[in-house]
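An overview of the molecular structure
So the chains spell out like this:
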Amino acid sequence: MTAVPGAALVPARRRRGPGAWARDPWRKPRILLGITVLYVGWSLLPVLIAVLFSFNDGKSRTVWQGFSMRWYYGDPLRSVWHDPTLHSAVVHTLWLGVLATLITIPLGVAMALGLDRWRGRIPAGANFIVLITFVLPEILLAVALLFVATVLQTPLHLGTAGQVMGLVTYQLSYPVVIVRSRLLTIGKHYEEAAIDLGASPMGAVRRVLLKMLLPAIFASTVLVFADVIDDFVIVRYLSGGSSTEPVSVKIYNTARAAPTPALNALATVLLASSLLVVLLGFVAYRRFTRGERRSIDVFAGEA
Amino acid sequence: MPDTTARAGRRLLWPMLALPGTVWLVVLFVAPVYVVLAVLFGGVDPILRQPVPVWNPVHWDVSQFDYVLEHIVGTDGFFGPALVRTAVYVLVASVLCLLVAYPVAYYTARFAGRYRGLLLTLLIAPFWISYMMRMLAWINLLQNDGLVNQVISLGGLLPAHVNWLNGQPVTVVLGLVYGYVPYMVLPLFAGLDRIPAAVQEAARDLGAGRVETFRRVTWPMSRQAVVVSLLVTTLPMLGDYYTNDMLSSSPQTSMVGNLINNSVLTPGQTGQAGAFVMLVLLVSVLPMLLYVRASRTGEEVES
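Residues numbered from 1 in each chain as written. Chains lettered and ligands numbered in written order. Predicted model: local features only at pLDDT ≥ 70, side-chain atom pairs only at ≥ 80, totals over all residues.

A word on the overall build of chain A
On a plain count of helices and strands, chain A comes out with 13 helices and zero strands. Mapped in sequence order, the helices and strands of chain A form the string α-α-α-α-α-α-α-α-α-α-α-α-α. A total of 303 residues make up chain A; the buried ones form 46% of that total. Long-range pairs, those at least 24 residues apart, make up 68% of the contacts in chain A between residues at least 6 apart in sequence. (Helix = DSSP H or I, 4+ residues; strand = E, 2+ residues; numbered from the N terminus. Buried ≥ 20, exposed ≤ 12 C-beta atoms within 10 Å, placed from the backbone. Contact = placed C-beta atoms within 7 Å.)

Quick notes on the overall build of chain B
Scanning chain B for helices and strands turns up twelve helices and two strands. Start at the N end of chain B and walk to the C end: the helices and strands fall as α-β-β-α-α-α-α-α-α-α-α-α-α-α. The C-alpha atoms of chain B give a radius of gyration of 25 Å, which is well past the 19 Å a tight globule of 303 residues would have. Buried positions account for 40% of the 303 residues belonging to chain B. A fraction of 64% describes how many contacts in chain B between residues 6 or more apart in sequence connect residues 24 or more apart. (Rg over C-alpha atoms; globule rule 2.2 N^0.38 Å.)

Section: the interface of chain A and chain B
Each side of the interface is counted separately: chain A has 78 residues, and chain B has 88 residues. For the side of chain A that touches chain B, the secondary-structure elements that each account for two or more residues are α2 (30–53), α4 (84–117), α5 (121–135), α6 (138–151), α7 (160–171), α10 (201–229), α12 (247–254) and α13 (261–288) of chain A. Looking at the side of chain A that touches chain B, the element that brings in the most residues is α2(A), giving 13 residues. For the side of chain A that touches chain B, the per-class residue count stands at 58 nonpolar, 13 polar and seven charged. (Nonpolar A, V, L, I, M, F, W, Y, C, P; charged D, E, K, R; others polar.)

Considering the packing of α2(A) against helix α5 (residues 131–142) of chain B
At a closest axis distance of 8 Å, the pairing of α2(A) and α5(B) adopts a crossing angle of 80°. With respect to each other, α2(A) and α5(B) are oriented roughly perpendicular. Contact residues: α2(A) offers P46(A), V47(A), I49(A), A50(A) and F53(A), while α5(B) offers M133(B), R134(B), L136(B), A137(B), W138(B), N140(B) and L141(B). Considered class by class, the residues forming the contact of α2(A) with α5(B) number ten nonpolar, one polar and one charged. (Axes fitted to C-alpha atoms, helices over the stretch in contact; angles between N-to-C directions. Parallel < 35°, antiparallel > 145°, perpendicular 65-115°, else oblique.)

Description of the nonpolar core
Among the nonpolar cores identified, the biggest contains 160 residues, and V143(A), L266(A) and L136(B) are the most heavily contacted of them. With 15 residues, α10(A) is the single largest residue contributor to this core. Setting aside chain neighbours within four positions, we find L136(B) in contact with A50(A), I251(A), A255(A), L263(A) and A267(A). (Core = buried A, V, L, I, M, F, W, Y, C linked by C-beta atoms within 7 Å.)

Observations regarding unusual backbone geometry
All names here are of chain B. Backbone geometry places S249, a non-glycine residue, at a positive phi of 45°. Along the chain, S249 falls in the loop between α10 (242–247) and α11 (256–264). The exposure class of S249 is partly exposed, given the 15 C-beta atoms found within 10 Å.

A closer look at α5(B)
Residue and element names in this part refer to chain B. Counted at 1.5 Å a residue, the expected span for α5 with its twelve residues is 16 Å, and the 17 Å between its end C-alpha atoms agrees. For α5, a buried count of twelve out of twelve residues is recorded, marking the element as mostly surrounded by other parts of the structure. Listing the buried residues of α5 in full gives Y131, M132, M133, R134, M135, L136, A137, W138, I139, N140, L141 and L142. (Expected span 1.5 Å × (residues − 1).)

Focus on the environment of V88(B)
Assignment of secondary structure puts V88(B) in helix α3 (residues 80–110). Along the primary structure V88(B) and V173(B) are separated by 85 residues, whereas in three dimensions their C-alpha atoms are 9.4 Å apart.

A short note on the environment of L259(B)
All names here are of chain B. With respect to the helices and strands, the residue L259 is situated in helix α11. In sequence terms L259 and M221 are 38 residues apart; their C-alpha atoms lie 39 Å from each other. When near neighbours in sequence (up to four residues on either side) are disregarded, L259 contacts F79, A82, S254 and F276.

Points about the packing of α4(A) against α10(A)
Working note: a packed helix pair is described by the angle between its axes plus the distance between those axes. Residues and elements named next belong to chain A. Relative to each other, α4 and α10 sit at 145°, their axes nearing to 9 Å. Helix-helix and strand crossings are classified by hand; for α4 and α10 the assignment is right-handed. Within the contact between the two elements, α4 uses T93, L94, L96, G97, A100, T101, T104, I105, G108, V109 and L113 and α10 uses V205, L209, I217, S220, T221, V224, F225, V228 and I229. Among the residues forming the contact of α4 with α10, the class breakdown is 13 nonpolar, seven polar and no charged. (Left-handed = near helix turned anticlockwise from the far one by under 90°.)

Notes on the confidence of the model for chain B
Looking at chain B, the pLDDT average stands at 84 and 92% of residues meet or exceed 70. Scored as a complex, the prediction yields pTM 0.84 and ipTM 0.86. (pLDDT = per-residue confidence, 0-100.)

Side note on the confidence of the model for chain A
All names here are of chain A. Averaged over every residue, the pLDDT of chain A is 81; the share at 70 or more is 86%. Within chain A, the element-level pLDDT minimum falls on helix α1 (residues 18–23), averaging 61, and the maximum on α7, averaging 93. Long-range and interchain partners of residues 6–10, a stretch whose pLDDT sits below 50, account for five contacts in this model, where long-range means more than four residues apart. Segment residues 299–303 is flagged for pLDDT under 50; beyond a separation of four residues in sequence, or across chains, it makes 18 contacts in the model.

Dropping the structure here:
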């Protein structure tokens, strides 16, 4: 059913000509449909074309010269598989994704629970900081952390450690925001009931709230991981030389300097791993929330 | 009594949960912002050209700050144009984003029917595609012999070759729209989806046309979602430099992000980068403060 309820009542009106069609409040939204289709095409086609050219047999990224896997592993020097710099970029990107996600999610979930129930000035301030980091231009945090790494002697070193710390700081707001909006719909009754039945406060959180929050935790895990492996600004500023440069930085460095389709292949590999994680996450998420409808909506921020 | 200890434990539980994340953000976000201030109001090593931070506000030296301020508004104001350009580009790109995203989000929330899940997946897809890959896709298309020029010149029949990637403001603004519009679609979708369809149907039943219904019902009810979606797209855009670097790489289109990025790695200019970081930070924190205050008073009115 694409029509608005009530559409069946009005077809008689349509016979009055084109002017009546424009005035009919129940007509089908063709213009909106057109815009939506155009938008989806515009937003995804360029990327599909870039993916297509990663399979090009020649060096061109604009003229199709036949299908090959040359830029993935065929080419003994410049393919993603054989060029050690491209190869290590993929590995490092995924490694950063795993590390940052593993720290961000527990930290963020605990923070969401705490901020949601703790009243006062400190949690209000902490909440504001979370909101700020949610919309903050990434370069501000990246520059600030770069200064910390260059003018101070702290554990924040350029390289993997600094990158992970920066990424966690930047991503922490996602689980906090998503889990909190889920907590809002859950309310306090369940954990109060658990405590009345003899559970300790911690036990109520662990055995009741966390179970109910699983979908939101899962959604934020997938979101954070996919976002981290696509990150560019923080990982570039805090990278300690070419060995800790992830895929996005490699693309940035070579995109304007006569690249080969190997760059498209590199980007496609990352895209594929991103989609794989999301797909796995979505399938698992469906299992958690069996019976709940519209489960894709949680990924749109409607947790 | 066990009851009181349990209650005390419960009161302590929430601060305990919120604390790790709060400390993390204070140490790795708030404190680094202070480091930026210390570098901005610090000195520069005369030989090594390294920044020498000054930690005590009493001894802060405003010469680097003055230098930047002079070159924004003074007679030799070579920073001024970039700041104006940032404001114009971001404003135009945000408005275009809203014009594209609103109809798409509205159609998806209201009319997509059984294609809703599929459509939503397609709208979320750009999220999982690395920003750099999406820009790379456009570099491929906009090259001199790229698809866009081929289409414009009808496959080489017309001599209409546009140098898209050499400092064209149009390319940069459209690049920004392409890059950030997915972040706008989703919050708008979430907001529009919450408007009960019955309200709009009631307006039409009472004789309002499509435009009237939109102007007097849909738009006012979606205003908060519009504000949120503008915040989450416009503010991150303020710090963007990579879209510019990828699609233009010309100083004629450089934005404040480019000023930061170019000066932060140049010896002796770190203070300048700090000044611009603080400027962008102020510009992005202010709307957030207003938003938080407005939504808090809104809550009080509701309750």
